[in-house]
Amino acid sequence: MSRTPFVGGNFKCTGTASSLTSLVKGFNDSITGYPEVEVVIAPGTEYLGLVKAVAHRNIGISAQNCVPKSGAYTGEMSAEQVKDMGLPYVILGHSERRHVFRETDAEIAAKVKAALAQKLCVIFCVGEKLDEREANKTQEVCFHQMKAALTTIAPADWKNIVIAYEPVWAIGTGKVASPEQAQEATALIRSWLSDNINASVASSTRILYGGSVNAKNCADLWARRDIDGFLVGGASTKPEFSEIVKACV
Ligand code: PEP
């Protein structure tokens, strides 16, 4: 089955109204010429409205996180509010949420469930830390993270899941996984989908690689069979993001 390439840009907690406006205006010119790639950008919560207003309609806008319920949760944004803002996507399970903010598998699973109930598309991140890779636990960690959040998804909701394999040791470090490492892990993730969900979900679900992707290293990664695109952090806040999109055409 052919899968539509997907490239996400996670701006994290960076940018200002002025810098993001000029960055996104630049993307409007450079990225929208590649309609065959699904491109999504995720600015910080405070800039979601601004970026949505500035971005070309072919560039999707994503929240970087959400909580399951609206209510007395100071500083948070709920799945319902993401939907209400007209945002089609949310990133969940990002390693910074897991390891800096100590989100548990159970919390992430509840977020995934709530986001899917709002018909959001979830960019679900998994990946191992350096010590786990060195202890040959990459498969165990990724499978555990997927089992915790993805085994109870209704069949109809799988079209709204994109999985990003993001080894923690590669995120923001400049140490990109080799194409072989990234292919091995994304193929393992696809085999988990086949074994635990079904063959059709395994062949249709987009699996991304994320971790120090840039304009120079993306072509070799993109050439790998099970890599359907990228989740990009640092390089998505620069004009080179459009080169990464172009590589996936
Ligand atoms: C990320 O934050 O998801 C990421 C992959 O960051 P970077 O590209 O900067 O490593």
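Residues numbered from 1 in each chain as written. Predicted model: local features only at pLDDT ≥ 70, side-chain atom pairs only at ≥ 80, totals over all residues.

Student: Explain the overall build of the protein here, please?
Tutor: Counting secondary structure elements, the protein contains eleven helices and eight strands. In terms of overall size, the protein behaves like a compact globule, its C-alpha atoms giving a radius of gyration of 17 Å where 249 residues would be expected to give roughly 18 Å. Expressed as lengths along the three principal axes of its C-alpha atoms, the size of the protein is roughly 45 × 45 × 35 Å. Taking all 249 residues of the protein together, the buried fraction comes to 45%. (Helix = DSSP H or I, 4+ residues; strand = E, 2+ residues; numbered from the N terminus. Rg over C-alpha atoms; globule rule 2.2 N^0.38 Å. Buried ≥ 20, exposed ≤ 12 C-beta atoms within 10 Å, placed from the backbone.)

Student: I'm lost on the sheet that holds strand β8 (residues 229–232) in this one. Help?
Tutor: Where strands meet in a sheet, backbone hydrogen bonds hold them as pairs that are either parallel or antiparallel. Strands sit in the order β1-β2-β3-β4-β5-β6-β7-β8 around a closed barrel of eight strands; the barrel is parallel. Taking the axes of each pair of neighbouring strands and ignoring which way they run, one obtains an average angle of 25° across the sheet. Sheet topology places strand β4 (residues 89–92) next to strand β5 (residues 121–126); four bridges connect them, and they run parallel. Residue pairing for β5: Y89 is matched across the bridge by C121. Against the sheet, helix α5 (residues 105–117) engages β4 and β5, with an angle of about 170° to β4. (Pairing = 2+ DSSP bridges. Axes fitted to C-alpha atoms, helices over the stretch in contact; angles between N-to-C directions. Contact = placed C-beta atoms within 7 Å.)

Student: Would you explain the nonpolar core in this entry?
Tutor: The nonpolar side chains of soluble globular proteins are, as a tendency, buried together. Grouped together as the largest cluster of nonpolar side chains are 77 residues, with contacts concentrated most on V90, A115, V122, F124, Y165 and I244. Among residues more than four places away in sequence, those in contact with A115 are C66, A79, V90, L92, L120 and V122. (Core = buried A, V, L, I, M, F, W, Y, C linked by C-beta atoms within 7 Å.)

Student: Any chance you could explain the site of the ligand here in plain terms?
Tutor: Around the ligand, the surrounding shell holds 13 residues, and the nearest of these are I171, G172, G210, G233 and G234. Of the residues assigned to the shell around the ligand, the class counts are five nonpolar, seven polar and one charged. (Near = placed C-beta within 6 Å. Nonpolar A, V, L, I, M, F, W, Y, C, P; charged D, E, K, R; others polar.)

Student: How should the packing of α5 against helix α7 (residues 138–150) be read in this particular structure?
Tutor: Geometrically, a packed helix pair is captured by the angle between its two axes and the distance between the axes. At a closest axis distance of 8 Å, the pairing of α5 and α7 adopts a crossing angle of 45°. The angle between the axes of α5 and α7 places the two elements in the oblique class. For α5 against α7, the interelement crossing comes out right-handed. Of the residues in α7, those in contact with D105, I108, A109 and V112 of α5 are Q145, A148 and A149. (Parallel < 35°, antiparallel > 145°, perpendicular 65-115°, else oblique. Left-handed = near helix turned anticlockwise from the far one by under 90°.)

Student: How should helix α1 (residues 17–30) be read in this particular structure?
Tutor: Two residues of an α-helix separated by three or four positions point the same way, owing to the 3.6 residues in each turn. Between the first and last C-alpha of α1 there are 20 Å, a value that for 14 residues agrees with the 20 Å anticipated at 1.5 Å per step. Residues of α1 that are buried include every one of L20, L23, V24 and F27, and no others. Down the axis of α1, the smallest arc covering the buried residues is 90°, so these residues share one side. The outward face of α1, more than 90 degrees from its buried face, is lined by the exposed residues S18, S22 and D29. If you follow the buried residues of α1, they end up packed against α2 (48–54), β3 (59–63) and α11 (241–247). (Expected span 1.5 Å × (residues − 1). Arc of directions from axis to C-beta.)

Student: Help me understand the environment of P5, please; the structure alone is not making it clear to me.
Tutor: Tracing the chain through its elements places P5 in the segment before β1 (6–10). Look at P5 and you get buried, because 21 C-beta atoms sit within 10 Å. For the pair P5 and S18, spaced 13 residues apart in sequence, the C-alpha to C-alpha distance is 30 Å. The contact partners of P5, leaving out residues within four places of it in the chain, are E36, V37, E38, D228, G229 and C248.

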